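Chain residues, written in single-letter form:
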Amino acid sequence: MKTKDIMARLQAKYPGENEYLQAVQEVLESIEDVYNQHPEFEKAKIVERMVEPDRIFTFRVTWVDDKGEVQTNTGYRVQFNSAIGPYKGGLRFHRMVTPSMLKFLGFEQTFKNALTTLPMGGAKGGSDFDPKGKTDEEIMRFCQAFMLELWQCIGPDQDIPAGDVGVGGREIGYLYGMYKKLAREYNTGVLTGKGATWGGSILRPEATGFGALYFTENLLHHAGKDIKGCRVAVSGFGNVAWGASIKALELGAKVVAISGPDGVCEIPEGITKEMIDYMLVMRASNRDRVEDMATRFPDKAFFTPGKKAWSVKCDIALPCAFQNELAEEDAKQLKENGCWCCCEVSNMGCQPGAIHFFQHNGILFAPGKAVNAGGVATSGLEMTQNAEHISWSGKEVDEKLHFIMRSIHEQCVKFGTQPDGSVDYVKGANIAGFMKVAQAMLEQGTV
Ligand code: GLU
């Protein structure tokens with residue numbers, strides 16, 4: 001297999017699908033050497049099959065806004081790979097959603113889910129619906145209209161959606177309500193990220209952020225460092241940034257920045273519990289503005305429009321917002337400002353130039369598919385609880401999450417340790433995920 005040849009073919013076949021092509025390129029580059037040591041993979045054309053989704057559903061979603069006007073959006077579900085379990089992955093509601101974005105996310109999800117140690121295949125879905133400025137009623141009507149089509153594609157042993165950007169507990173509630181009505185199935189295992197009183201797992205809302213910090217602790221420990229007292233810059237203020245901030249604070253770090261599409265809030269003395277709680281209010285308002293934090297806490301947070309979190313002095317950078325949010329110039333600025341570690345929490349949050357810069361300048365870097373896997377892993381734990389009709393305590397879930405993140409770190413070290421003893425976490429995560437999925441595909445024959 002030659003990455004160059006496969007990429008040339010995919011570029012010709014899917015011109016303009018930039019996020020998808022970027023995600024595939026990153027994985028193929030890392031696995032090429034290992035792959036070529038396995039002629040049985042080549043014979044079964046594993047890579048050629050793995051880069052194509054199993055199937056994609058596309059549907060029209062029509063709903064009525066508060067003014068009585070008819071609105072039309074497009075909905076998608078990309079079922080990427082089912083080699084190690086039923087399709088599993090979130091739904092993203094964002095105005096920029098395209099098939100390319102969901103293909104990249106579904107592809108990443110396949111490897112990420114393989115790393116969790118749980119039996120889950122990869123999927124992703126969503127819509128170009130923009131939640132910004134929408135009322136609660138509009139969100140509900142959109143979710144109901146979306147499920148009117150989606151319900152036929154999903155099922156607790158078939159495909160299990162969850163949240164992602166623009167989809168949290170509120171949206172999962174509306175989606176599940178409509179699913180029950182249409183399918184006349186009362187199996188809560190069809191969606192994860194549910195409310196705690198109706199089948200949701202304790203700690204699922206926090207899990208992506210908590211897991212990211214557990215992974216960061218493991219990585220720092222391996223490098224002989226400690227998170228206590230470190231200044232942490234976080235991008236975004238949504239669910240992932242919220243969970244990451246809670247845990248960073250608990251572990252004795254100082255969150256000195258959060259950001260939004262409008263700019264950055266610098267918090268010189270570090271974020272407080274009260275400010276973290278306020279992130280939830282900001283998210284529920286659908287205003288998508290981080291400036292609201294500075295308005296609410298004028299003595300603690302200082303807003304600068306148009307700037308990113310990477311302009312603030314820090315030790316550790318945690319991108320928690322959106323793909324490609326950290327460019328090479330940002331990586332250079334981070335280094336100039338003393339940053340020595342970046343754990344990517346958002347999916348593909350760093351551009352390839354930024355990753356190369358980190359890797360060639362001695363900055364510890366780990367990719368999203370390892371760092372953020374605690375979210376989907378806890379979704380897997382939610383599915384287990386639903387299937388057994390039980391619910392675990394927060395302590396039980398947290399212990400399992402700790403174990404899973406430690407194991408993901410160990411897999412990265414196993415497959416990513418370089419001759420000089422350093423760990424290439426990108427290689428480690430990609431090879432570990434790939435080997436598991438490839439082996440399963442091989443054993444299941446040419447399908
Ligand atoms: N959207 C999350 C992710 O990127 C969670 C998916 C899930 O829980 O199924 O992994």
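Above: the structure in question.
Reading the values: the criteria
Residue indices follow the written sequence of each chain, beginning from 1 at its first position. Per-residue local features of the predicted model are confined to residues with pLDDT of at least 70, and side-chain atom pairs are confined, for both listing and counting, to 80 or more; whole-chain, interface and lining totals are unaffected and use all residues. Note that the side-chain values use all heavy atoms of the structure and ignore hydrogens as well as water. Secondary structure elements are defined from DSSP: runs of H or I of at least 4 residues count as helices, runs of E of at least 2 residues count as strands, and each element is numbered from the N terminus. Three labels apply to residues, based on accessible area from a 1.4 Å probe with only protein chains included: buried if under 20% of the type maximum, exposed if over 50%, partly exposed otherwise in between. Any two residues having at least one pair of non-hydrogen atoms within 4.5 Å are treated as being in contact. Any N or O atom pair separated by 3.5 Å or less is treated as a polar contact, with the protein-specific requirement of one donor-capable and one acceptor-capable atom, and with residues adjacent in sequence counted only for side-chain atom pairs. The pocket and cavity definitions rest on a 1 Å grid over protein atoms only: a 1.4 Å probe that fits but cannot leave marks a cavity, an open set with protein on both sides within 12 Å along at least five of seven lines marks a pocket, and residues lining either have an atom within 4 Å of a point. Grid points are joined across faces, edges and corners, and a volume is the space filled by probe spheres set on the points. Residues are grouped as follows: Ala, Val, Leu, Ile, Met, Phe, Trp, Tyr, Cys and Pro are nonpolar; Asp, Glu, Lys and Arg are charged; every other residue, Gly included, is polar. Near is defined per residue: the residue qualifies when any heavy atom it owns lies within 4 Å of the molecule or strand. Shrake-Rupley sampling with a 1.4 Å probe provides the accessible areas, and residues are treated as covered by the protein chains on show and by no other component. In these notes, a set of buried Ala, Val, Leu, Ile, Met, Phe, Trp, Tyr and Cys residues joined through side-chain atoms within 4.5 Å is what counts as a nonpolar core. For two strands to count as paired, DSSP must find a minimum of two bridges between them. Geometry is summarised by axes, namely lines fitted to C-alpha atoms with helices restricted to the contacting stretch, and by angles between N-to-C directions that run from 0 to 180 degrees. A crossover gets the label right-handed when its path from the first strand over the helix to the second runs clockwise, viewed with the strands pointing away from the viewer. Here the expected span of a helix is defined as 1.5 Å times the quantity of residues minus one.

Caption draft 1: Representation of the environment of Lys395 in the model. Along the chain, Lys395 turns up in helix H16 (residues 394–416). Taking the relative accessible area as the measure of exposure, Lys395 reaches 61% and is therefore exposed. With 18 residues separating them along the chain, Lys395 and Ala377 place their C-alpha atoms 16 Å apart.

Caption draft 2: Just the environment of Asn430, in detail. Assignment of secondary structure puts Asn430 in helix H17 (residues 425–443). Placed 249 residues apart in sequence, Asn430 and Lys181 show a C-alpha to C-alpha distance of 40 Å. Each residue touching Asn430, except ones within four places of it in the same chain, is listed here: Glu26, Val27, Ser30, Ile31, Phe111 and Lys369. A polar contact is formed between the side chain of Asn430 and the side chain of Lys369, at a distance of 2.7 Å.

Caption draft 3: Empty space enclosed by the protein, seen in detail. Tallied over the entire structure, the rule returns 1 cavity of 30 Å³ or more. Reported here for the largest cavity is a volume of approximately 30 Å³. Lining the largest cavity are Glu26, Glu108, Glu344, Met348, Pro367, Gly368 and Lys369. Within the lining of the largest cavity, the residues separate by chemical class into 2 nonpolar, 1 polar and 4 charged.

Caption draft 4: Seen up close, the site of the ligand. As a structural note, the neighbourhood of the ligand is formed by 13 residues, with Lys88, Lys112, Gly163, Asp164 and Ser379 the closest of them. Gln109 places a polar side-chain atom, nitrogen or oxygen, 3.1 Å from an oxygen atom of the ligand. A distance of 2.8 Å is found between a nitrogen atom of the ligand and a backbone nitrogen or oxygen belonging to Gly163. Bound to the protein, the ligand loses 94% of the 300 Å² it would expose on its own. At the level of elements, strand S3 (87–93), helix H5 (99–115) and helix H15 (373–388) are the ones that each hand at least two residues to the shell around the ligand.

Caption draft 5: Layout of the nonpolar core. Within the largest apolar cluster, 66 residues are counted, with the highest numbers of intra-cluster contacts made by Phe215, Ile258, Met293, Leu318 and Ile408. It is helix H8 (residues 204–222) that provides the largest number of residues to this core, a total of 8 residues. Ignoring any residue separated from it by four or fewer positions in sequence, one finds Ile408 in contact with Leu115, Thr116, Phe215, Ala370 and Ala373. Leu10, Val97, Phe107 and Phe434 belong to the second-largest nonpolar core, a separate cluster that totals 42 residues.

Caption draft 6: Spotlight on the sheet that holds strand S5 (residues 159–162). Pairing within the open sheet is mixed, and its 5 strands lie in the order S1-S2-S4-S3-S5. On the outer flanks of this sheet lie strand S1 (55–64) and S5, each paired with one strand and no other. Going across the sheet, the axis of each strand differs from the next one's by a mean of 20 degrees, ignoring polarity. Bridging between S1 and strand S2 (residues 70–81) involves 10 bridges; their strand directions are antiparallel. Looking across to S2, one finds that Phe59 is bridged to Gly75.

Caption draft 7: Structural view of the pairing of strand S4 (residues 122–127). For S4, the tally of buried residues reaches 6 of 6 residues, placing the bulk of the element in the interior. Covered by surrounding structure in S4 are Gly122, Lys124 and Gly126 together with Ala123, Gly125 and Ser127, the residues of both alternating faces. Sheet topology note: the S2/S4 ladder contains 6 bridges and is antiparallel. For Tyr76, the partnering residue across the bridge sits in S4 and is Gly126. Note that the unit made of S3, H5 and S4 has a crossover that is right-handed.

Caption draft 8: Looking closely at the sheet that holds strand S9 (residues 302–305). Judged by pairing direction, the sheet is mixed, and its 7 strands sit side by side in the order S9-S8-S7-S6-S10-S11-S12 without closing on themselves. Edge positions in the sheet fall to S9 and strand S12 (364–366), since each has one partner strand and no second. Across the sheet, the mean angle separating the axes of adjacent strands is 15 degrees when strand polarity is ignored. Both strand S6 (residues 231–234) and strand S7 (residues 254–260) contribute to a ladder of 3 bridges, which runs parallel. Pairing of Val232 across the sheet is with Val255, part of S7.

Caption draft 9: Representation of the side chain of Glu26 in the model. Relative to the helices and strands, Glu26 is located in helix H2 (residues 18–35). Reaching out from Glu26, the side chain makes a polar contact with the side chain of Lys369 at a distance of 3.2 Å. In this view, Glu26 contacts Ile355, Lys369, Val426 and Asn430; residues no more than four positions away in its chain are not counted.

Caption draft 10: Helix H9 (residues 239–250), seen in detail. Over its 12 residues, H9 extends 17 Å from the first C-alpha to the last, a length consistent with the 16 Å expected when each residue adds 1.5 Å. All of the buried residues along H9 are Ala241, Trp242, Gly243, Ala244, Ser245, Ile246, Lys247 and Ala248. Contacts made by the buried residues of H9 are with H8, S6, S7, helix H10 (273–284) and strand S10 (316–318).

Caption draft 11: Layout of the pairing of S3. For S3, the buried fraction is high: 7 of the 7 residues fall into the buried class. As defined by bridge partners, S3 adjoins S5 across 4 bridges and the pair is classed as parallel. Bridging from a neighbouring strand, Gly89 pairs with Pro161 of S5. Both S3 and S4 contribute to a ladder of 3 bridges, which runs parallel. Paired with Leu91 across the strands is Gly125, a residue of S4.

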